[in-house]
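So you can see what is in the structure, the chains are spelled out below.
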2 protein chains.
Amino acid sequence: MTSSAASKSLPDIGDLRAAAERLAGRAVLTPLLEAPLLNARFGFRLLVKAETLQRTGSFKFRGAMNALLQLDERQRRAGVVAYSSGNHAQGVAAAAQLLGIPATIVMPADAPAVKVAKTRGYGAEVVLYDRWGESREAIGARLAAERGASLIPPYDDPRVIAGQGTVGLEIAAQAAALSTRLDALVVPASGGGLVAGCALALAAESPGTRIYSAEPEAADDLRRSLAAGERLANDPASRSICDALLAPMPGEITFAIHRRLLAGGLAVSDANVMRAMAVAFAELKLVVEPGGAAALAAILAGQLDAKDKTVAVVASGGNVDRETFMSALAGGMTGAGASGFN
Amino acid sequence: MTSSAASKSLPDIGDLRAAAERLAGRAVLTPLLEAPLLNARFGFRLLVKAETLQRTGSFKFRGAMNALLQLDERQRRAGVVAYSSGNHAQGVAAAAQLLGIPATIVMPADAPAVKVAKTRGYGAEVVLYDRWGESREAIGARLAAERGASLIPPYDDPRVIAGQGTVGLEIAAQAAALSTRLDALVVPASGGGLVAGCALALAAESPGTRIYSAEPEAADDLRRSLAAGERLANDPASRSICDALLAPMPGEITFAIHRRLLAGGLAVSDANVMRAMAVAFAELKLVVEPGGAAALAAILAGQLDAKDKTVAVVASGGNVDRETFMSALAGGMTGAGASGFN
């Protein structure tokens, strides 16, 4: 379980508010969208936080930028190292480029080509590794030590969680501007930084809102960990189309927040994720990647009873290859859109 | 040319500001996005106003809602009639539904199925007509007379132009928040309400910005009209994939504004429009319909010298069938994305 060392460094709402100040004018204040025709079809009010429109196409930019802005001059010159399945890679690379900090990114060799190419496009050096045979943590730690660089973890870091949690602060403010009380918020989870940060935000700003994580069925470590009360790992052999949601287990810091603040964990099939991508295209005009659609998929597939409720979901990323996106649209066509749900 | 009757009813910046107040909390304040990797590749700073995320998937909601909010109680009860290739239809239908006003929409029989279905989804009665053989104006006028209903024109109406012009007010404010001076703004044009409204907004808020319309090459009536100094019509036999941009000629009121405030008209091929849709998907995570991508296409295809300049474009709508969108993505793949430009 969570060590006392980790619990000492848990971020709090003050850290989130400080992050929001740091990110103002640097991160996109993404819209909270809704589709009346979708609401009418399903009998709920669904609000979608479009983090797909964030810089670099995912929420990861927020945590990376918040962490990098807290490095001192010497640390900035020595550069940063990050390991990531793709979106954190782009987030760190883009934030580093904006701040003039050298960045080295450790990425799995099977990450979507578009994510690798874009990470290089932001000026970062990319080091590829075998997702199923090597430890990215070990590679990252070794590179950081060799170069005297700062390691920017993808989720288990209070600065990263606080930055990612600004998504939750914005959702709370945007729901309030709509004069809406949120019954629930569902957030895609891999290592769980985003859902941990959002839970901290809503606990302060909208304490009646129940927070749920959404994961692929094949990597539902957080759902099982919440049920067990301790951190459990995924089967390393399991696979999912949600390439952004394949962290081996919840983080130490993130899970200390999850177990305190989450109402539960939801899990979705790859097929439901693909259908949710087609719905996001048709009804919200959003390009959502598989992992980014997990929370939307959970709601559309009825994983949570949302009837007559107001529920927000985070569409957390949009970095998807054209082939995968076309496949999602083509699949949706055989089933007349979202009719495959429920 | 413009009659004195029309010029008397030209909207002004005060009408736009009043529209912005009416629409606050009713229309989505859509984000002004940019893609650093795209900027780096082309050597400009491109800002994209994502009106694809507006209610009903296009800017048309703004003009419709602004017009409907100015009807009195008796007019509201008698209902509204509109004719539209699709996006104005949805805009009027959705605004009418929100206000409890009965709506009848005259749509071309060959409009995308998704637009017809969604218009019906917003509770409107849809009357189909033959785009190439019948006059939608005549049908709309007859229906309005029969029912005592108010006709809500798609563009040639000061209330509609003022509502659509709130897009321009937001662009000016958002560019100012980025501390950026806009060298140019390019706006898709059919009847020209959006570009007229945006021109009025920028003339007041950012007078140094040059305003251009963007049209399909096959329906470049505004470009030719601007060059000739008088309203010219399209060849009724011409076809374009930009189904939203096929009005027969500029409006009377709109052209009175165009000829005073526009720097010129741009025109793009259907192939460039399809490539721009693929770029918007890959770089901005936006679903843009063909007509909505005309301004982006004009910039990416080099129709305007944007080198080292800051240029905004409006992505004006996202109501595209899956088949057309997949075709745009598939086409882009053979050309390695945007490499077909320039």
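Residues numbered from 1 in each chain as written. Chains lettered and ligands numbered in written order. Predicted model: local features only at pLDDT ≥ 70, side-chain atom pairs only at ≥ 80, totals over all residues.

### Side note on the overall build of chain A
Then, in step 1: Looking only at helices and strands, chain A has 15 helices and ten strands in total.
Then, in step 2: Taken against the 2.2 N^0.38 rule, which gives 20 Å for 342 residues, the C-alpha radius of gyration of chain A at 18 Å falls within 12% of a compact globule.
Then, in step 3: Based on the C-alpha atoms only, the size of chain A along its principal axes is roughly 55 × 40 × 40 Å.
Then, in step 4: For chain A, the share of sequence-separated contacts (at least 6 apart) that also reach a separation of at least 24 residues comes to 76%. (Helix = DSSP H or I, 4+ residues; strand = E, 2+ residues; numbered from the N terminus. Rg over C-alpha atoms; globule rule 2.2 N^0.38 Å. Contact = placed C-beta atoms within 7 Å.)

### Some details on the sheet that holds strand β10 (residues 310–315) of chain B
All names here are of chain B.
Then, in step 1: Judged by pairing direction, the sheet is mixed, and its six strands sit side by side in the order β1-β2-β10-β7-β8-β9 without closing on themselves. A single partner strand is all that each edge strand has here, and the edge strands are β1 (32–33) and β9 (264–268).
Then, in step 2: Direction of pairing for strand β7 (residues 184–188) relative to β10: parallel, over a ladder of three bridges. In the strand pairing of β10, V186 is matched with V313.
Then, in step 3: Helix α11 (residues 221–228) contacts β8 (210–216) and β9 of the sheet and is inclined by roughly 150° relative to β9. (Pairing = 2+ DSSP bridges. Axes fitted to C-alpha atoms, helices over the stretch in contact; angles between N-to-C directions.)

### Details of the relation of the copies chain B and chain A
Then, in step 1: The transformation that overlays chain B on chain A combines an axial shift of 0.0 Å with a rotation of 180°, and the residual RMSD is 0.0 Å. The superposition operator between the copies reduces to a two-fold rotation axis. (Least-squares fit on C-alpha atoms with pLDDT ≥ 70 in both.)

### Structural notes on helix α9 (residues 158–177) of chain A
Residue and element names in this part refer to chain A.
Then, in step 1: The first and last C-alpha atoms of α9 sit 28 Å apart over 20 residues, in line with the 28 Å expected at 1.5 Å per residue.
Then, in step 2: Its maximal kink placed at Q164, α9 deviates by approximately 25°.
Then, in step 3: Counting buried residues along α9, 16 of its 20 residues qualify, which places the element largely inside the surrounding structure.
Then, in step 4: One or two residues past the end of α9 sits S179, with phi positive at roughly 55°. (Expected span 1.5 Å × (residues − 1). Bend = angle between axes of the 7 residues up to and from the residue. Buried ≥ 20, exposed ≤ 12 C-beta atoms within 10 Å, placed from the backbone.)

### Quick notes on the environment of A293(B)
All names here are of chain B.
Then, in step 1: If you trace the backbone, A293 turns up in the loop between α13 (270–284) and α14 (294–300).
Then, in step 2: It is 14 Å that separates the C-alpha atoms of A293 and L194, two residues lying 99 residues apart in sequence.
Then, in step 3: Contact partners of A293, with chain neighbours within four places excluded, come to V273, A276, M277, A280, V288 and A315.

### Observations concerning the interface of chain B and chain A
Then, in step 1: Listed per partner, the contact involves 23 residues of chain B and 23 residues of chain A.
Then, in step 2: Elements supplying a minimum of two residues to the side of chain B that touches chain A: α3 (36–42), α7 (113–121) and α15 (322–334) of chain B.
Then, in step 3: The element contributing the most residues to the side of chain B that touches chain A is α15(B), with six residues.
Then, in step 4: Of the residues assigned to the side of chain B that touches chain A, the class counts are 15 nonpolar, five polar and three charged. (Nonpolar A, V, L, I, M, F, W, Y, C, P; charged D, E, K, R; others polar.)

### Description of the pairing of strand β2 (residues 45–50) of chain A
Residue and element names in this part refer to chain A.
Then, in step 1: The buried fraction of β2 amounts to five of the six residues, a majority that puts the element mostly inside the structure.
Then, in step 2: In this structure, β2 lies alongside strand β10 (residues 310–315), joined through six bridges in parallel fashion. Bridging across to β10, L47 finds its partner in A312.

### Structural notes on the packing of helix α6 (residues 87–99) of chain B against α7(B)
A pair of packed helices can be characterised by two numbers: the angle between their axes and the separation between those axes.
All names here are of chain B.
Then, in step 1: Relative orientation of the contacting elements α6 and α7 amounts to 10°, with a least axis distance of 9 Å. Considered as vectors, α6 and α7 are oriented roughly parallel to each other. Facing N87, A89, Q90 and A93 of α6, the residues of α7 in contact are K115, K118 and T119.
Then, in step 2: Looking at side-chain class alone, the contact of α6 with α7 contains two nonpolar, three polar and two charged residues. (Parallel < 35°, antiparallel > 145°, perpendicular 65-115°, else oblique.)

### A short note on the domain arrangement of chain A
All names here are of chain A.
Then, in step 1: When its domains are assigned, chain A resolves into domain 1 (4–58 + 158–333) and domain 2 (61–151).
Then, in step 2: Computed from C-alpha atoms alone, the centre-to-centre distance between domain 1 and domain 2 is 23 Å.
Then, in step 3: With 26 residues of domain 1 in contact, the opposing surface of domain 2 contributes 20 residues.
Then, in step 4: Going through the elements one at a time, α2 (13–23) and α9 are the ones with two or more residues in the side of domain 1 that touches domain 2.
Then, in step 5: Here the element with the most residues in the side of domain 1 that touches domain 2 is α9; it accounts for eight residues.
Then, in step 6: Of the residues that constitute the side of domain 1 that touches domain 2, the class distribution is ten nonpolar, ten polar and six charged. (Domains from an automatic or database assignment.)

### As for the nonpolar core
Then, in step 1: Ranked by size, the top nonpolar core spans 238 residues in total, and within it V186(A) and V186(B) carry the most contacts.
Then, in step 2: Contacts of V186(A), omitting those with residues within four sequence positions, involve Y212(A), A214(A), L266(A), A295(A), A298(A), I299(A), L304(A), V311(A) and V313(A). (Core = buried A, V, L, I, M, F, W, Y, C linked by C-beta atoms within 7 Å.)

### Some words on the environment of V106(A)
Then, in step 1: Within the secondary structure layout, V106(A) lies in strand β4 (residues 103–108).
Then, in step 2: Residues within four places of V106(A) in sequence aside, it is in contact with Y83(A), V127(A), Y129(A), R136(A), I139(A), G140(A) and L143(A).

### Looking at the sheet that holds strand β4 (residues 103–108) of chain B
Residues and elements named next belong to chain B.
Then, in step 1: Across the sheet, which stays open at both edges, the four strands sit in the order β5-β4-β3-β6 with parallel pairing between neighbours. Edge strands, defined here as strands with exactly one partner in the open sheet, are β5 (125–129) and β6 (150–151).
Then, in step 2: When strand β3 (residues 80–83) meets β4, the two strands line up parallel, connected through four bridges. Bridge pairing links V80 to A103 in β4.
Then, in step 3: Sitting on the sheet, helix α8 (residues 136–147) touches β3, β4, β5 and β6, and the angle it makes with β3 is about 175°.

### Regarding the packing of helix α4 (residues 60–68) of chain B against helix α9 (residues 158–177) of chain B
All names here are of chain B.
Then, in step 1: Running from amino to carboxyl end, α4 crosses α9 at an angle of 135°, the nearest separation of the two axes being 7 Å. Comparing their axes, α9 and α4 come out oblique. For the element pair α4 and α9, the recorded crossing hand is right-handed. Here R62, G63, M65, N66 and A67 of α4 lie close against α9, whose contacting residues are R159, V160, I161, A162, G163, Q164, T166 and V167.
Then, in step 2: Of the residues that constitute the contact of α4 with α9, the class distribution is six nonpolar, five polar and two charged. (Left-handed = near helix turned anticlockwise from the far one by under 90°.)

### Remarks on α8(B)
One turn of the α-helix equals 3.6 residues, which is why residues spaced by three or four share an orientation.
Residues and elements named next belong to chain B.
Then, in step 1: Counted at 1.5 Å a residue, the expected span for α8 with its twelve residues is 16 Å, and the 16 Å between its end C-alpha atoms agrees.
Then, in step 2: Of the residues making up α8, those classed as buried are R136, G140, L143 and A144. The buried residues of α8 all sit within an arc of 100° when viewed along its axis, so they share a single face. Within α8, the exposed residues directed more than 90 degrees away from the buried face are A138, A145 and E146.
Then, in step 3: The inward-facing, buried residues of α8 contact β3, β4, β5 and β6.
Then, in step 4: One or two steps after α8, the chain reaches G148, where phi turns positive at roughly 65°. (Arc of directions from axis to C-beta.)

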